[in-house]
Structures are given as structure tokens and as C-alpha cells.
Amino acid sequence: MTVLAYKRVLLKLSGEALMGDDAYGINRATIERMVADVSEVAKMGIEVAIVIGGGNIFRGVAPGAQGMDRATADYMGMLATVMNSLALADAMRQAGMTARVMSAIGIEQVVEPYVRPKALQYLEEGKIVVFAAGTGNPFFTTDTAAALRGAEIGAEVVLKATKVDGVYSADPKKDATATRYATITFDEAIAKHLQVMDATAFALCRDQKLPIRVFSITKPGALKRAVQGEDEGTLVHV
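All figures in this text were calculated on a predicted structure; none of them were measured in a lab. (Residues numbered from 1 in each chain as written. Predicted model: local features only at pLDDT ≥ 70, side-chain atom pairs only at ≥ 80, totals over all residues. Heavy atoms only, no water.)

**Topic: helix 1 (residues 28–43)**
End to end, helix 1 covers 22 Å across 16 residues, agreeing with the expected 22 Å (1.5 Å per residue, within 8%). Those residues of helix 1 not exposed but buried are Thr 30, Ile 31, Met 34, Val 35, Asp 37, Val 38, Ser 39 and Val 41. In this structure, the buried side of helix 1 is in contact with strand 1 (8–13), strand 2 (47–52), helix 2 (70–94), strand 5 (128–132) and helix 7 (222–227). Capping of helix 1 at its N-terminal end is provided by Asn 27; its side-chain oxygen lies 3.1 Å from the backbone amide nitrogen of Ala 29. Taken from the residues just after helix 1, Gly 45 is the one with a positive phi, measuring 100°. (Helix = DSSP H or I, 4+ residues; strand = E, 2+ residues; numbered from the N terminus. Expected span 1.5 Å × (residues − 1). Buried < 20%, exposed > 50% of the residue type's maximum accessible area, 1.4 Å probe, protein only. Contact = heavy atoms within 4.5 Å. Polar contact = N/O pair within 3.5 Å; in protein donor to acceptor, adjacent residues only side chain to side chain.)

Now the structure itself:
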């Protein structure tokens with residue numbers, strides 16, 4: 001019998017993760033592999049909500065946004081997350097899954113607005129819920145959106161999918177002696193100046209006692225192991 005560590009999770013995907021080995025945009029093989037991973041854990045009975053970034057299309061703080069009004073650039077980034085969310089939901093539909101995209105910005109001809117009770121209903125019905133457009137406000141990252149939505153829906157953990165398999169004592173690409181933390185507390189991560197999530201998101205998770213598990217989305221089977229509570233990536237806890 002499969003042992004599940006969580007019943008409801010919030011998966012945070014970066015927009016860059018959708019690029020695969022491409023320079024920008026969405027790599028079809030990459031998104032299909034991610035969808036297969038999500039499908040696997042959903043079939044195990046886990047309720048899955050997703051927040052996705054937009055950095056593969058546009059990022060408000062990227063060089064391409066230099067000279068722009070910051071709020072305008074951030075709104076463009078939010079719209080990029082809507083595009084990624086639609087692509088993700090379409091890939092899920094083609095894989096036989098049922099997904100609902102809910103946007104923090106009103107674009108009702110394209111996606112439905114975020115309404116918390118409706119999102120909870122979808123999760124209880126076994127649907128995948130994809131939260132688009134970040135928090136709906138400029139100056140906040142999609143990390144913060146993940147922490148906020150995770151707290152709102154009562155997720156038991158935020159699963160932060162990255163290209164690195166956990167939180168390290170130093171940059172493993174630059175320091176061969178860097179070691180991965182299996183677990184670390186919020187306070188220890190702050191004291192060691194470890195960049196787990198942006199400061200606002202990190203503080204929100206700490207205040208809400210919402211643990212964060214950082215793992216590599218490129219590692220086969222990592223998501224499944226993470227939801228089973230195995231030693232996958234790094235667990236940041238109170």
C-alpha cells in the first residue's frame with residue numbers, strides 16, 4: 001500500500017522549467033513529462049493545485065523590461081503566466097486529466113476568475129487547479145502567489161520545483177564541497193542566508209507554518225517521492 005505524506009499540495013513550477021533545453025517558450029516534450037508526473041500523483045489520490053511562473057515568456061525584472069514602468073512590466077509577466085497555465089491545462093486535457101485555470105486577473109473570455117470556494121470544490125472533486133496571474137498585484141512574485149494560494153486552500157506543503165535537487169550550503173555549481181540539506185528550519189535558512197524563496201513568500205510560509213519542499217523537477221520520479229515524504233530534495237519546516 002502506498003503511503004502518502006500529504007493529501008493536498010501546492011506545486012510551484014517556474015516558467016523557465018517549461019523551456020526544457022530551448023532558449024525561450026514552451027518545450028512540448030518537457031511539459032508532457034511534467035504533466036505525466038502530476039498525473040501520477042493525482043492518481044494516487046492527492047489533491048494538486050499549481051502555480052506557474054512566466055519567466056519563459058516575460059519577466060518583469062528581466063533585462064527586456066528595463067526602462068519600463070515596473071507595474072506595467074509585472075502585469076505583462078502575469079499575463080505570461082496565464083499563457084503558461086493554459087498550455088499546462090491543455091496538455092493535461094490531452095493526457096486525460098481534468099484541469100481548471102483560475103486567474104487572479106479578470107480575463108473571463110479565456111479563464112475563470114479565482115474564487116476560493118470554487119477552487120476548493122474543484123480540488124475536492126479531484127480536478128487539478130492551476131492558479132494563473134500570480135497574486136493579481138504588481139511587485140509580488142509567483143513564489144508569493146504560491147505561498148498565498150497554498151495557505152488559502154489549506155495545502156499541507158508547498159512543493160517548489162526547481163532545476164536543483166534541494167537547498168545547498170553553497171552553490172553546488174561553483175563549490176564542489178557544497179552539501180544538500182535533507183531538512184532545515186525556517187530560522188536556520190534565514191540565519192544561513194539561504195535563498196529558498198523570495199522573502200515575502202518565505203515569511204508567509206513561516207508564519208502560516210506551511211512547510212516548503214524544494215526538489216528538482218528534472219529528476220525522474222522526484223515529485224512522487226516528495227509526496228510520499230521520502231528524502232527528496234530539502235524540507236524547510238518550522
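On we go from here.
**Points about the pairing of strand 5**
Most of strand 5 is tucked away, with 5 of its 5 residues classed as buried. Both faces of strand 5 are covered, namely the face carrying Ile 128, Val 130 and Ala 132 and the face carrying Val 129 and Phe 131. Pairing of strand 2 with strand 5 involves 3 bridges; the strand directions are parallel. Pairing of Ile 50 across the sheet is with Val 130, part of strand 5. With 5 bridges joining them, strand 3 (residues 99–103) and strand 5 adopt parallel strand pairing. Its bridge partner being in strand 5, Arg 100 is matched across the sheet by Val 129. (Pairing = 2+ DSSP bridges.)

**Topic: the sheet that holds strand 6 (residues 158–162)**
In spatial order, the strands read 4-3-5-2-1-6-10-11-9; together these 9 strands make up an open sheet with mixed pairing. Where the open sheet ends on each side, the last strands, each with one partner, are strand 4 (112–113) and strand 9 (183–185). Note: strand 10 (residues 212–216) against strand 11 (residues 234–237), 3 bridges, orientation antiparallel. Bridge pairing in strand 11 links Val 214 to Thr 234. Against the sheet, helix 2 makes contact with strand 1, strand 2, strand 3 and strand 5, and its axis sits at roughly 165° relative to strand 5, the strand it touches most. (Axes fitted to C-alpha atoms, helices over the stretch in contact; angles between N-to-C directions.)

**Thoughts on unusual backbone geometry**
Phi at Ala 133 takes a positive value of approximately 70°, unusual for a residue other than glycine. The topology assignment puts Ala 133 in the loop between strand 5 and helix 4 (142–153). The phi dihedral of Lys 209 is positive, around 55°, even though this residue is not glycine. Within the secondary structure layout, Lys 209 lies in the loop between helix 6 (199–207) and strand 10. Judged by relative accessible area, Lys 209 falls into the exposed class, the value being 60%.

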